[in-house]
Amino acid sequence: MPIGEEPLAYNSLWQLRNDTWSSLEESTTQLALAGAQQRPVERLAERVTRLLDILGSVERFWAFPGAQTFREVQRLFAADEYDRLAAAVGRANRALVTESYRGGQAWDLRADDEAYDRDTRPVKQPRTDRPYFEVLVVEDLTQEQESALREELHRWRRPDDEFIYEIVVVPSFDDALLAARLNFRLQACVVRRRFTHRSRHDLSSIAQFAYSGGSADLMERSPDERAQVLARSLARIRPELDLYLMTEISVEDLAGRLSHHFRRIFHTREGSLELHLSILDGVAARYRAPFFSALKSYSNKPTGVFHALPISHGKSIVNSHWIRDMLDFYGLNIFLAETSATCGGLDSLLEPTGPLREAQQLAAKTFGSRQTYFVTNGTSTANKIVVQALVQPGDIVPVDRNCHQSHHYGLMLAGAMVTYLDAYPLNEYSMYGAVPLIEIKRQLLALRRAGKLDRVKMLLLTNCTFDGIVYDVGRVMEECLAIKPDLVFLWDEAWFAFARFHPVYRPRTAMRAARTLAERLRLPEYRERYDSFVEEVGAIDAADDEVLLERRLTPDPARARVRVYATQSTHKTLTSLRQGSMIHVFDQDFSQKVEETFHEAYMTHTSTSPNYQILASLDLGRRQAALEGFELVVKQIESAMRLRDAVNNHPLLSRYMRCLTTADLIPAEYRPTGIDQPLRAGLANWVKAWDTDEFVLDPSRITIYIGATGIDGDAFKRSHLMDRYGVQINKTSRNTVLFMTTIGTTRSSVAYLIEVLVAIARDLDARVADMNPAERATHERAVLRLTAPSAPLPDFSGFHPSFADGRGRPTPEGDIRRAFYLAYNDSYCEYLTQEEVEQRVENGEQVVSTTYVTPYPPGYPVLVPGQVFSPQILAFMRSLDTPEIHGYRADLGYRVYVDKALEIAATSCPAGPAGNRE
Ligand SMILES: Cc1ncc(COP(=O)(O)O)c(C=O)c1O
């Protein structure tokens, strides 16, 4: 059904706008044809009217084709000049589709008119190689004033400018916020003094995408205060935008008082040249990629290498007779850029003082951290660095048991006493969710009761989880700091680097939540909130556990320290070569307490020959995210929603597959808003759910339930998606497969995936139809097995007492390092089959694993070193039919400790822990 005839069912205004322009081109072409053939035009004209209505509410937020062009289109339509209308719309749409308007030449509707072509078309073609952006100007201007401003700014353009831009003028606060949300080409905003609060336009047709907010009393404030409120609101939506204030009053007085959000303040009468230069300069600052530039210029210099790395400058390849294809395949540049030099314009990752330091500082700004460190060996290493930097042997670390293996190994190496936290299970899909806050508080309070709170160092959680469950990061930190004011947080954001670049996601990232919390703790209102909290529950240190579990806790602003670390696999969700990761730090005690140990930890895990191509790609990935992250993430979400729509609405696919929703993956008790599908419920509801609910689901991840196919997740991934169609996915469970969209997902790749899924479903349908009774019974049994409840996912059973803390009252933490290294002595270990372990457990014996046992899928350790087998674990393992179980040998069974080993462990004093410290 063409657009304009159906109710709006769009996931983003960007998609709606593009499709509407395409439909308009089609309809106006038909209209012109009908007019020429003197056929009735009423129905077509009605459709064009509807399409113009849709565009009428949104075009004013973009410079191209923009309000002026749009007015001209409306005029041609009203004047029944259908031929010219069709030609103009066709040109506009082509310019949009091909993005040719990015050349920045004022787009002219007459550009293809023959007469115009002959007489006026400029002979010289404009440059089209410069990046293009748009600048929002907020002021209530007449059309003439707007044109004059545009022309004035055009006058300052020079042929060798690095970038080119156009302006979009909006008259009100509401329109400005809408433009910031909708137009991802914006890179800067100029706030002038005269703007209104509410939009003059009827926003009802775009209500599902519009959510402006703003305070009711805005117009009662002074113009400067209004500008400040607008700046704050814009920064919340798009922190990367460069904001400029143009005012008529004394700028010298204002300069010191104004919000830090403004990059510069200008006096209106001083003209626009400085503004124009500043706009270009602001974008140039983000465009800079210091390490990439340094590497590029280094690679152009001739060098004589009397050091390692014969491949540098391609020297060992260009004259080779046998590996020339290496050069053909990779091209020369990559080898020109291979060097082991750390000077001559380059830098050392271990002690950066030049372009690498600058690249990391730019990344810190982009990702909102205080310090950012590049890591060239993935988040697996980033996690170990942070854990080693902060955790001493004997420190207690509560951690999600389903966290990535790098944490288990990192904590083991650090000698931490680990307290495993259980995520809520999703037994129907054999998946885990995330760790509920009440569970975290319960563990912290239990440690407090046991007198061990001073040894609790860090809380370690994964945000978001592989399956897309996202924490309320700010709330978790706030409540934990109420119990333990100096607790350090490590948020594993391996899958969440992109989240920084979307306004709805951003508050749920570690760096934004840390900054917000640090700012809030300084506010007098926060102090008051804390005082009334204490009035109600009494001193928190003396309050009853049950009271504290039931309530939302408020930390003491005088004691709480915001100490937050995030590790991100840039390569997983943004542009970077494989293994490119970053560590972001927002730790108020970093320079005083951590910097030295962090450096040591960084040295421990970082190669002295880090890969420069990875580092350069991190620098460029940061540039891209700073300049087009918002656009790319909007499109990423859009792709995900298209995929969901296609699966759920396709008659054949929906018989076999179903996209799981927020309601499927997050139990209602963690969603007080009760919004089952936040993104589908319009922007305001999306924001509300993400502001309020304990857990939300990242919509860019699509878990498809495939139980009805009778094919298990692993077979679906390997035999169907990969082997037959070359579609790569990673995560599966017994009856689900996870598809992820990223900033690299194209509409064509989504279309291909849908084709593949349809082909699989069609094939299955045909096979089922042809089955004989015996085959059909087998198929039905397979379906039943995948759709019936499986053995419940096992909780963490506990460490054997030999590896427990031994100090203070017993609590669940265990010395995983001792449990791990004890197994280096072969005589302490034996292998037992599943049946033998079951028998012993039934006899009441404690059987203890020497190692991690991790079935894939689901990919989480069911047992860790020192952990006792439970009937629940054994039942779960028995129910598994996954081919891959790490830590379990099909020929021998489980590796477990013999009794003698456990006796020795119990009597030997814990090697590292607190002994060293206390
Ligand atoms: C939650 C989590 N953390 C860390 C990692 C490790 O990241 P990398 O592949 O960058 O080493 C992964 C990898 O899948 C992960 O899922």
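Up top is the structure these notes are about.
The following paragraphs examine the structure supplied in this document. (Residues numbered from 1 in each chain as written. Predicted model: local features only at pLDDT ≥ 70, side-chain atom pairs only at ≥ 80, totals over all residues. Heavy atoms only, no water.)

## A closer look at the overall build of the protein
- Scanning the protein for helices and strands turns up 35 helices and 25 strands.
- The C-alpha atoms of the protein give 31 Å as radius of gyration, which agrees with the globular expectation for 918 residues (29 Å, within 12%).
- Reported as C-alpha extents along the three principal axes, the dimensions of the protein are approximately 100 × 80 × 75 Å.
- Out of the 918 residues belonging to the protein, those deemed buried represent 57%. (Helix = DSSP H or I, 4+ residues; strand = E, 2+ residues; numbered from the N terminus. Rg over C-alpha atoms; globule rule 2.2 N^0.38 Å. Buried < 20%, exposed > 50% of the residue type's maximum accessible area, 1.4 Å probe, protein only.)

## Some words on the site of the ligand
- Not every one of the 13 residues close to the ligand is listed here, only the nearest: Thr379, Ser380, Asp492, Ser569 and His571.
- Here an oxygen atom of the ligand and a backbone polar atom of Thr379 are 2.8 Å apart.
- Protein chains shield 85% of the accessible area of the ligand, which is 400 Å² for the free molecule.
- The element best represented in the shell around the ligand is helix α16 (residues 378-390), accounting for four residues.
- Across the shell around the ligand, the residue classes tally to two nonpolar, nine polar and two charged. (Near = heavy atom within 4 Å. Polar contact = N/O pair within 3.5 Å; in protein donor to acceptor, adjacent residues only side chain to side chain. Areas by Shrake-Rupley, 256 points an atom, 1.4 Å probe, with all protein chains shown as cover. Nonpolar A, V, L, I, M, F, W, Y, C, P; charged D, E, K, R; others polar.)

## A few points about the pairing of strand β1 (residues 132-138)
- Taken across its seven residues, β1 has seven buried, putting it largely inside the fold.
- Where burial is concerned, the two faces of β1 agree: the one with Tyr132, Glu134, Leu136 and Val138 and the one with Phe133, Val135 and Val137 are both buried.
- Since β1 and strand β2 (residues 164-170) lie parallel, the crossover through helix α6 (residues 143-155) that links them has a hand, and here it is right-handed.
- One ladder, built from five bridges, connects β1 with strand β3 (residues 186-191); its direction is parallel. Residue pairing for β3: Val135 is matched across the bridge by Ala188. (Right-handed = clockwise from strand over helix to strand, strands pointing away. Pairing = 2+ DSSP bridges.)

## Some thoughts on the pattern of salt bridges
- Evaluated as defined, the whole model comprises 56 salt bridges.
- Residue Lys441 is joined to Glu479 by a salt bridge in which the shortest nitrogen-to-oxygen separation is 2.7 Å. Taken together, the positions of Lys441 in helix α18 (residues 437-449) and Glu479 in helix α19 (residues 473-483) put the pair 38 residues apart, joining distant regions of the chain. Per residue, the accessibility class of Lys441 equals that of Glu479, and both read buried.
- We note a salt bridge from Arg529 to Glu478, for which the minimum N-O separation is 3.1 Å. With Arg529 in helix α21 (residues 524-537) and Glu478 in helix α19, this residue pair connects regions lying 51 residues apart in the sequence.
- A cluster of three or more residues bridged by salt bridges with shared partners is formed by Arg561, Arg563, Asp587, Asp589 and Lys593. (Salt bridge = Lys/Arg side-chain N within 4 Å of Asp/Glu carboxyl O.)

## A short note on the nonpolar core
- Phe291, Phe374, Met458, Tyr565, Ile583 and Phe598 are the most contacted members of the largest nonpolar core, which has 82 residues in total.
- For this core, the element with the highest residue contribution is helix α25 (residues 612-649), accounting for 10 residues.
- Those residues in contact with Phe374 that sit more than four places away from it in its chain are Leu349, Leu356, Ala359, Gln360, Ala363, Ser581, Met582, Tyr602, Leu615, Leu618 and Asp619.
- Listed in part, the 78 residues of the second largest apolar core include Ile440, Tyr471, Ala482 and Tyr526. (Core = buried A, V, L, I, M, F, W, Y, C linked by side-chain atoms within 4.5 Å. Contact = heavy atoms within 4.5 Å.)

## Side note on the pairing of strand β11 (residues 458-462)
- A large share of β11 lies buried, amounting to five of its five residues.
- Of the two faces of β11, both are covered, the one formed by Met458, Leu460 and Thr462 as well as the one formed by Leu459 and Leu461.
- Here β11 runs beside strand β13 (residues 488-492); their pairing, made up of five bridges, is parallel. What sits directly across from Met458, in β13, is Val488.

## Thoughts on helix α15 (residues 355-367)
- The end-to-end C-alpha distance of α15 is 18 Å, a good match for the 18 Å that 13 residues give at a rise of 1.5 Å each.
- Of the positions making up α15, those classed as buried are Pro355, Leu356, Ala359, Gln360, Leu362, Ala363, Ala364, Thr366 and Phe367.
- After α15 finishes, the residue Gly368 shows a positive phi value of roughly 75°. (Expected span 1.5 Å × (residues − 1).)

## Notes on empty space enclosed by the protein
- By the definition in use, this model includes nine cavities of 30 Å³ or more.
- The wall of the second largest cavity is formed by Glu830, Leu832, Arg840, Glu845, Gln846, Val847, Val848, Val896, Tyr897, Asp899 and Leu902.
- For the lining of the second largest cavity, the per-class residue count stands at six nonpolar, one polar and four charged. (1 Å grid on protein atoms, 1.4 Å probe; cavity = no way out; pocket = protein on both sides within 12 Å on 5 of 7 lines; lining within 4 Å. Points joined across faces, edges and corners; volume = space filled by probe spheres on them.)

## A short note on the environment of Ser576
- Tracing the sequence through the fold places Ser576 in the loop between α23 (570-573) and β15 (581-587).
- With a relative accessible area of 14%, Ser576 lands in the buried category.
- The residues touching Ser576, leaving out its near neighbours within four places in the chain, are Thr570, His571, Ser617 and Leu618.

## Quick word on the packing of helix α2 (residues 42-56) against helix α3 (residues 66-78)
- Between α2 and α3, the shortest axis-to-axis distance is 12 Å and the interhelical angle comes to 160°. Of the possible angle classes, the one that applies to α2 and α3 is roughly antiparallel. At the point where α2 passes α3, the crossing takes the left-handed sense. Facing α2, whose interface residues are Ala45, Val48, Thr49, Leu52, Leu55 and Gly56, α3 presents Phe70, Val73 and Phe77. (Axes fitted to C-alpha atoms, helices over the stretch in contact; angles between N-to-C directions. Parallel < 35°, antiparallel > 145°, perpendicular 65-115°, else oblique. Left-handed = near helix turned anticlockwise from the far one by under 90°.)

## Section: the sheet that holds strand β4 (residues 242-247)
- Read from one edge to the other, the open sheet built from five strands follows the order β2-β1-β3-β4-β5, with strand pairing classed as parallel. Where the open sheet ends on each side, the last strands, each with one partner, are β2 and β5 (262-267). When strand polarity is set aside, the average angle formed by the axes of neighbouring strands in this sheet is 25°.
- As paired strands, β4 and β5 are joined by five bridges and run parallel to one another. Looking across to β5, one finds that Tyr244 is bridged to Arg264.
- Against the sheet, α6 contacts β1 and β2, and its axis sits at roughly 160° relative to β2.
- Contacts from helix α7 (residues 173-182) reach β1, β2 and β3, with the element oriented near 165° to β1.

## Some words on the packing of aromatic side chains
- This structure, assessed with the given rule, holds 43 aromatic pairs.
- Here Phe496 and Phe498 contribute two aromatic rings whose centre-to-centre distance is 5.7 Å and whose plane-to-plane angle is 80°, an arrangement assigned as edge-to-face.
- The exposure class of Phe496 is buried, given its relative accessible area of 0%.
- Under the relative-accessibility criterion, Phe498 is labelled buried at 1%.
- Here Tyr821 and Tyr824 contribute two aromatic rings whose centre-to-centre distance is 5.0 Å and whose plane-to-plane angle is 55°, an arrangement assigned as tilted.
- Of the residues examined, Tyr824 reaches a relative accessible area of 59% and is grouped as exposed.
- Here the aromatic cluster, defined as three or more aromatic residues joined through ring pairs, consists of Tyr373, Tyr565, Phe590, Phe598 and Tyr602.
- We note Arg623 situated over the ring of Tyr287; from NZ or CZ to the ring centre the distance is 3.8 Å.
- Note that Arg889 overlies the ring of Tyr831, its terminal NZ or CZ placed 5.7 Å from the centroid. (Phe/Tyr/Trp six-rings, centres within 6.5 Å; stacked < 30°, edge-to-face > 60°. Lys NZ or Arg CZ within 6 Å of the ring centre and 35° of its normal.)

## Quick word on helix α20 (residues 510-521)
- Here α20 spans 16 Å end to end across 12 residues, near enough to the 16 Å set by a 1.5 Å rise per residue.
- Among the residues of α20, those classed as buried are Ala510, Met511, Arg512, Ala513, Ala514, Leu517, Ala518 and Leu521.

## Regarding the environment of Ser700
- By the secondary structure assignment, Ser700 is in the loop between β17 (695-697) and β18 (701-705).
- Residue classification places Ser700 among the buried positions, given a relative accessible area of 1%.
- Along the sequence, Ser700 and Leu643 sit 57 residues apart, while their C-alpha atoms lie 9.9 Å from each other.
- The residues contacting Ser700, other than those within four sequence positions of it, are Phe498, Tyr505, Gln636, Ala640, Phe739, Met740 and Thr741.
- Only 3.3 Å separates the side chain of Ser700 from the side chain of Gln636, close enough to count as a polar contact.

## Thoughts on the sheet that holds strand β25 (residues 893-897)
- Strand order in the open sheet formed by three strands is β21-β25-β24, with antiparallel pairing between adjacent strands. Across the chains shown, the open sheet's two edge strands, defined by having one partner strand only, are β21 (829-832) and β24 (888-889).
- Relative to β25, β24 runs antiparallel, the two sharing two bridges. From the neighbouring strand, Arg889 faces β25, where its bridge partner is Gly893.

## Things to note about the packing of α18 against α19
- Contact pair α18 / α19: the axes reach a minimum separation of 10 Å and the direction vectors enclose 15°. The pairing of α18 with α19 is recorded here as roughly parallel in orientation. For the crossing formed where α18 meets α19, the hand is right-handed. Within the contact between the two elements, α18 uses Leu437, Ile440, Lys441, Leu444 and Leu445 and α19 uses Arg475, Val476, Glu479, Cys480 and Ile483.
- Residues belonging to the contact of α18 with α19 are distributed by class as follows: seven nonpolar, no polar and three charged.

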